[in-house]
Amino acid sequence: MKRVSIVGKFFIIMAVFGIMALGLTFSAGNIQSVIATGFISINQTLANGYKLGVL
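First things first, this report covers the structure right here in the doc.

The rules behind each value
Per chain, the residues get numbers from 1 upward, laid out in the order the sequence is written. The predicted origin of the model limits local features to residues at a pLDDT of at least 70 and limits the giving and counting of side-chain atom pairs to 80 or more, whereas totals for whole chains, interfaces and linings rest on all residues. For side-chain calculations, the full set of non-hydrogen atoms in the structure is used, while hydrogens and water are omitted. Helix numbers and strand numbers start at the N terminus; a helix is a DSSP run of H or I with at least 4 residues, a strand a run of E with at least 2. Each residue's exposure class comes from its accessible area (1.4 Å probe, protein chains only) as a fraction of the maximum for that residue type: buried when under 20%, exposed when over 50%, partly exposed otherwise. Within this analysis, patches are made of residues with over 30% relative accessible area and no salt bridge. Like charges are joined at 9 Å or less; nonpolar side chains (Val, Leu, Ile, Met, Phe, Trp, Tyr) at 5 Å or less. What sets the accessible areas is the Shrake-Rupley method with a 1.4 Å probe; for residues, cover comes only from the shown protein chains. Salt bridges are defined by distance alone: a side-chain nitrogen of Lys or Arg within 4 Å of a carboxyl oxygen of Asp or Glu. Each residue after the first adds 1.5 Å to the expected span of a helix.

Remarks on the overall build of the protein chain
- Counting secondary structure elements, the protein chain contains one helix and zero strands.
- Across the 55 residues in the protein chain, those meeting the buried criterion constitute 2%.

If you want it as structure tokens, here you go:
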């Protein structure tokens, strides 16, 4: 890293943050799809006439 210019170091840092942002974006999207699948199954269960237990 000693011979890399300041601009090169800046672009390397920006690339690392960009890759992290893409990873977080895909991770958050996957989590949202898992949550949505859970809600769909609950709605289908309720539509079939089952009721959730009440404490």
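Additional details are given in the paragraphs that follow.
Details of a nonpolar patch on the surface
- Nonpolar side chains collect at one region of the surface, where Val4, Ile12, Ile13, Val16, Phe17 and Met20 lie side by side and expose about 530 Å² of accessible area between them.
- If you trace the backbone, Ile13 turns up in helix 1 (residues 6-47).

So, helix 1
- The end-to-end C-alpha distance of helix 1, which contains 42 residues, comes to 61 Å, matching closely the 62 Å that a straight helix rising 1.5 Å per residue would cover.
- Following helix 1 by one or two positions, Gly49 has its phi on the positive side, about 100°.

By themselves, these are just geometric observations and shouldn't be taken as functional.
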